[in-house]
Structures are given as structure tokens and as C-alpha cells.
Amino acid sequence: MTIYAQFAAHIDAILDRLESEGTIPAGIDRRNVAVEPPRDASHGDLATNAAMVLAKPAGMNPRELSMKIAPLLARTGGVAGTDVAGPGFINIRLDPDAWRDELRAIADAGDAYGRSDMGAGKTVNVEYVSANPTGPMHMGHCRGAVVGDALANLLEYAGHKVIREYYVNDAGGQVDFLARSAHLRYREALGEDIGEIPEGLYPGDYLVPVGQALAEKLGDAHADAPEEEWLALFRAEAVAAMMDLIRADLALLGIHHDVFASEADVVAAGKPEAAEAELRGRDLIYDGVLEAPKGKAPPEDWEPVELPLFRSTKFGDDQDRPIRKSNGAWTYFGNDLAYHFQKAETADMLIDIWGADHAGTVKRIKAAVAALTEGKTEFDVKLVQMVRLLRDGEPVKMSKRSGSFVTLAEVVQEVGKDVVRFTMLTRKADAQMDFDFAKVVEASKDNPVFYVQYAHARIRSVHRKAAAEGIEPGGADLSLLDGEELALVRLAAQFPRIVEAAAKAHEPHRIAFYLNDLAAEFHALWNRGNDVPEKRLLLPDNAPLTKARLALADAIGQIIRNGLAIMGVEAVEEME
RNA sequence: GCGCCCGUAGCUCAGUCGGAUAGAGCAUCGGAUUCCUAAUCCGGGGGCCGCAGGUUCGAAUCCUGCCGGGCGCGCCA
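This one's a predicted model, so the numbers in the text were calculated from it and none came from an experiment.

To continue, consider helix α12 (residues 362-372). Counted residue by residue, α12 has 8 buried out of 11 residues, so it is predominantly covered. What α12 keeps buried is the set V362, R364, I365, A367, A368, V369, A371 and L372. For α12, the elements touching its buried residues are α10 (271-281), β9 (306-310), β10 (321-322), α11 (332-344), β11 (349-355) and β12 (378-384).

To locate leftover empty space, one rolls a probe as large as a water molecule over the atoms. Here the second largest pocket is characterised by a volume of approximately 940 Å³. The wall of the second largest pocket is formed by 30 residues, among which Y4, A5, A8, R497 and E500 lie closest to the centre. Those elements giving two or more residues to the lining of the second largest pocket turn out to be α1 (3-20), β1 (35-36), α4 (96-109) and α18 (495-505). Sorting elements by how many residues they give to the lining of the second largest pocket places α1 first, with 6 residues. Each residue belonging to the lining of the second largest pocket can be placed in one class, and the counts come to 17 nonpolar, 4 polar and 9 charged. Mapped onto the domain boundaries, the lining of the second largest pocket takes at least three residues apiece from domain 1 (3-94) and domain 4 (443-567).

A word on the protein's contact with RNA strand B. Lining the immediate environment of RNA strand B, one finds 69 residues, of which R39, Y451, Y454, K465 and W526 sit closest. Residue S326 places a main-chain N or O atom 2.6 Å away from a base oxygen belonging to RNA strand B. For the surface near RNA strand B, the elements supplying multiple residues, two or more each, are α2 (50-58), β4 (89-94), α16 (448-468) and α19 (509-531). Per-element tally for the surface near RNA strand B: the top contributor is α19, with 10 residues.

Turning to the packing of helix α17 (residues 483-492) against α19, a few remarks are in order. At their nearest, the axes of α17 and α19 sit 10 Å apart, and the two run at 170° to each other. Between α17 and α19, the angle is such that the two are roughly antiparallel. Contacts from E484, E485, L488, L491 and A492 of α17 reach α19 at Y514, D517, L518, E521, F522, L525 and R528. Looking at the contact of α17 with α19, its residues break down into 7 nonpolar, no polar and 5 charged.

Attention shifts here to unusual backbone geometry. Even without being a glycine, V129 presents a positive backbone phi close to 70°. By the element assignment, V129 lies in the loop between β5 (123-127) and α5 (142-157). Residues other than glycine seldom take positive phi values, yet H506 does so here, at roughly 60°. Here H506 shows up in the loop between α18 and α19. Accessibility expressed as a relative area gives 9% for H506, which makes it buried.

Frequently, the measure chosen for interface size is the accessible area removed from exposure when the parts meet. Taken domain by domain, chain A consists of domain 1 (3-94), domain 2 (123-170 + 255-384), domain 3 (173-252) and domain 4 (443-567). Inter-centroid distance (C-alpha atoms) of domain 1 to domain 4 is 31 Å. For the pair domain 1 and domain 4, the summed buried area comes to about 470 Å², and 50% of that belongs to carbon and sulfur atoms. If you sort the residues of domain 1 by the area they bury against domain 4, Y4, P37 and D45 come out on top, with a joint share of 70%. Remark: the boundary between domain 1 and domain 4 carries 1 salt bridge. Where domain 1 packs against domain 4, one counts 2 residue pairs in polar contact (both at pLDDT 80 or more). Tallied by class, residues from the side of domain 1 that touches domain 4 come to 4 nonpolar, 1 polar and 2 charged.

Right, let's get into α4. Taking 1.5 Å of rise per residue, 14 residues should cover 20 Å, and α4 covers 20 Å from first to last C-alpha, within 8% of that figure. Two residues or fewer past α4, G110 is found with a positive phi of approximately 60°.

Calculation notes
Residues numbered from 1 in each chain as written. Chains lettered and ligands numbered in written order. Predicted model: local features only at pLDDT ≥ 70, side-chain atom pairs only at ≥ 80, totals over all residues. Heavy atoms only, no water. Buried < 20%, exposed > 50% of the residue type's maximum accessible area, 1.4 Å probe, protein only. Helix = DSSP H or I, 4+ residues; strand = E, 2+ residues; numbered from the N terminus. Contact = heavy atoms within 4.5 Å. 1 Å grid on protein atoms, 1.4 Å probe; cavity = no way out; pocket = protein on both sides within 12 Å on 5 of 7 lines; lining within 4 Å. Points joined across faces, edges and corners; volume = space filled by probe spheres on them. Nonpolar A, V, L, I, M, F, W, Y, C, P; charged D, E, K, R; others polar. Domains from an automatic or database assignment. Near = heavy atom within 4 Å. Polar contact = N/O pair within 3.5 Å; in protein donor to acceptor, adjacent residues only side chain to side chain. Axes fitted to C-alpha atoms, helices over the stretch in contact; angles between N-to-C directions. Parallel < 35°, antiparallel > 145°, perpendicular 65-115°, else oblique. Buried area = accessible area lost by both parts, 1.4 Å probe. Salt bridge = Lys/Arg side-chain N within 4 Å of Asp/Glu carboxyl O. Expected span 1.5 Å × (residues − 1).

So, in C-alpha cells, the structure goes:
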């Protein structure tokens, strides 16, 4: 139990007592009562807003109520004193031993420090990447992949069961173009001169080995056959080959999904029909005619057609949405609706990570999930903004026509997995981001990747140096630590609440910002030793003090490792 | 025209369920290197939190309107 959770429980008990004494009315909503670090460290170690939150429902003024709570809190174990400040904050000063206890708690918990049971074992399905299986991954997919993966780690750390899922869009028309492109490369592999790749097909070289493999596997039986004879086969083969490429690209980032759900399988299993029947039964699907888009000139070939429409307007969308096309085939939305229903069968909560260019379709899919699960399944769509690729401040040119986009593999190869992952988590997902090749590999303070890793490397380094002096960690007398050193424990102890808050908000970037702050405090502590040699962590002539300081450094190192693990970034032993 | 996202220091961005004097990095100015890795640290200057109302003990945060920027708006995927 963290120190914040302990005090939340203490305050709860005090409020129970005040209720039973009749000081405050029973049954007041306490959900907004919080124990937090005070904004300014000089105010104390912990602060609570309890009096301010409860004053109004209790019909008291906040300071009056805080005067009732503060003395009781002052008598709680580990508390050195309390005072009431500002509009009614209760500031708590802890016995310094409380922080020494927390330091031991970090060491005891090790890899588990910061884990929580907040998720209560609830199953969360996080769907991310889901890039179309028509080629290798490019940088446009990268941020969503990292954010989704870090979010999955974060939720797992916070006590959820997590399913990492990839939706393979293998049912749409673009797969026909992929299949034709692969067929062309297959004929090429059989010795035919195919000339220029026609407009509309995929020109990339990555299909060359696919054609060769198909030629070896299938011989020339399909070379001159009409398309309807080979299309289905080439679709399946090409998609499988593309998914192999994509899985390999994801592995470069350390990303591995549990489930690859196929859109074609969803259709083949009749899920869209089942969803349609269900929703028609509840009058949420009807046959109707869409209006032409407003505001802009309608398309030239606009014709009103009757289609089966889902009543997404009942759930806040601005238009009802077709689930089938006029040719009878399912729309993307029709399949997606059925697919989300399928996911909801095995999960208590669904999270989708999407590119911001799909923002316009969030409402309809939220409407669909709300309708199909009758509001029982929590559902969040995280939109991830575009990343602008730069090199020394100049935009990196991307040419789609030649098929030469910047691939994920190239970037990982150039700057490394850890740099890519960390950098992608240094912004909120919904903020736009620049990714400058020159800057992200720069080894300096402006680069949080190196800054945090350097802190960890220093911690490991001082251990190696201490061992060389014959000082091993363990059995430290923590009473030797001074106030400045214990202040670092105070920041370290916030890690569990940062994890919980980040997990609740579905915002893994908060871990990155926290680690940067923690590293900064550690570097500052380290540099005390440059001015005053007695303040160095390693004092060869003073083994007891060195051990105590190593214990502190170890705890910081542990938290950096735990935080980096959530982000999927390695903690390094030394800087190269 | 409608919808979504965004607007915080010169720049890039944090800001916890509404909480105390709004923070960090860069840039700028001034300091620290016989050092456990200076890939670091310490200090100074720099703010109508887009604007105007509202809710409240309290608003950068919630609500309404406006201004500015981005994205989207066919049965595509």
C-alpha cells in the first residue's frame, strides 16, 4: 500500500468518526476527497482537500471543518504535524521515518512497485496499429503503434487483463489491388516483362519477393488464367505475406499482438447479419435514403438510394450511417460494427487507437458499441495526431507515387527502438508532433530519452564503483539520509499515483514526463557532489553513508526501470 | 454549412476528478568541470492561460457565445 493510499484510508476513518459523533452529517459523497503532494514542498509532505470538498454538503465553512479534521490527523501514526492553510487545505508533515519506510517499500516491491489492482482484473481489449495489409509499415503508423502498446502495458501494470489486438482489413477493395499487384510480380518472377506498374496498383519493391515465392509455390498455372480464377487465392496469399512483413516491422519496435482479427473472417462468420438482425429488432436499423452532403456542392453522380441505415443520430451522430452498399455488400462501418460487437464478447472495456484523420467516424462507432452492448461496455477511442518528419528542421519528402515512403524499419534502424518509442511518448497523443532525426539522436538534456537513461546509467555506475571499493549494498542505515535526499523519495513515492492516473486517463505519455522529472531531481542530487565532495554518493572512507545513499539511488533506479518497462524502453547500464 | 481536435512564456510543450504564488525544456543572460560519467547542475529575465460572459468558497481546467488554427464530412478504407 502506498503512502497516499494509507492516508486516504486514515482520512476515511476520521470522517467515519466525525459522522458517528454527529459533527458532520452521514452519507456525504467523499469521492472527490484526495490526498496529494502539496504544490509547494514547503507546505508539507501531503495535503488533503477533504474539508473543502465536504464543507458545502456538511453546511460548514471549509476552515471550520478542517479544524475538526486536522487535530485527529495529527494524532495518526507517522505524522509530525498538521496545519490548515489557504481556503482549507490540511497540510500534513510526516515524520521523516515515514519516507525511510517508503524507501524500504520500494526496495521490497522491486519490479512490482507502482503496480496496482485498480483494474480489478477487468479485461481490456486494446486495438492498435491495424494498418491495411497492403505493404510494410511506414512512419504514419508508428505513433499509434507505440501509444497503443504503451497503453496496453500501462493498463496491465494497473491491474487489468489486456488483449492486444490487430484488426486486419482484408475484406475491402484495396486487397484486390494488392492481389493484382502480387499477380503481376508473380508473372514477372516467371520471366515475363511486365513493364511499368500500372496506375492504381502497388508499385513497391516489397512485392517482388512475394511474386517470387508465389512462382515457386504455384508454378505457372495462374499466369495466363482469367482473374476470377486466381483472385481469391492471390488475395489470401498476398495478405498473408503482407502480415508477415508487418509483424516483422512491429517486432522491431518490440510490439507483439495477442490477436490478429480478420475482417474477412468476421464477414464469413455472418457477424454483420447477426448484428443487423439484433439492431433491426430494436428498431435501430431501418431502410432509408441518405441526404446529399450539405454545405459543399453534392457530387455529380449523386443519386438518392434506399439503404439499411443505423440510427447513430440517436446516440449523438449527425447522420444515420449505412451498413450496406447499394450492391448489397457490407460497408466498412457495417463490418466494423459487427467486429466491435465481437470484441465486446470477450472484454469488459474496449479501446481503439486511431489516426486523427478518422476523427469523423468516432461518433458512429461509439454509437454502435453503445447500441450493441446496451451501454454496458466501456469504450474509448484514442485519436493519435500526425507526426511531421524532419531532418535538421526541414520536412522529409515523402513520395507516395514511387512507393518510396519512409518506412518504419528505416527509422528504427537509423535511430533505434528506444529512441522511437520514448520520443513518441513525449507528447499527449492528441497533440501534433515533430520528429526530427537530427534531434532525437542528440545526446543532451533536450532529449528526454538520453536524459532519463543517463540517470539510470549513473546509478548503475556508482554501484560498480562502490563494489570496486569493496562496498556492497544491503543493510543500509537509512537514518543517515538527510532532508534533501528524503525529498527525492517523496517524488519517487508519487510513481504509483502517476501510474493510476495515467491508466485511468489512458495517457501513457504521463509516465514519460514523470520519469523526466524524476531524472532531473536525481541529476540535481548527484551534482551536489560536484560542489561539496562529502555529498557524493560514493564515499570510499564512509561505507555506512555510502550504503544508505546507494539504497536511495537504487530505489530511483528501480522506478526508472519500472516506468521505462511500461513505455517499452530499455534501461541501460552505461551510456555509449 | 456541420462535426471533432487544438489555442498556456519568443519557440516546443506539461499542468492530476476544479485547489494554494500557472510549470519544464529550448532560446537568452550570468555562474559551476583537480568530478561518483559536466551526455550534468545552479541562478536571472520572460505570462491579458485566444476573447467575453456564466457556474463556485475557488476556473488554465466545467458550461455558453465569439475569434483564430488543424482535420474530417458519399455507399472509400
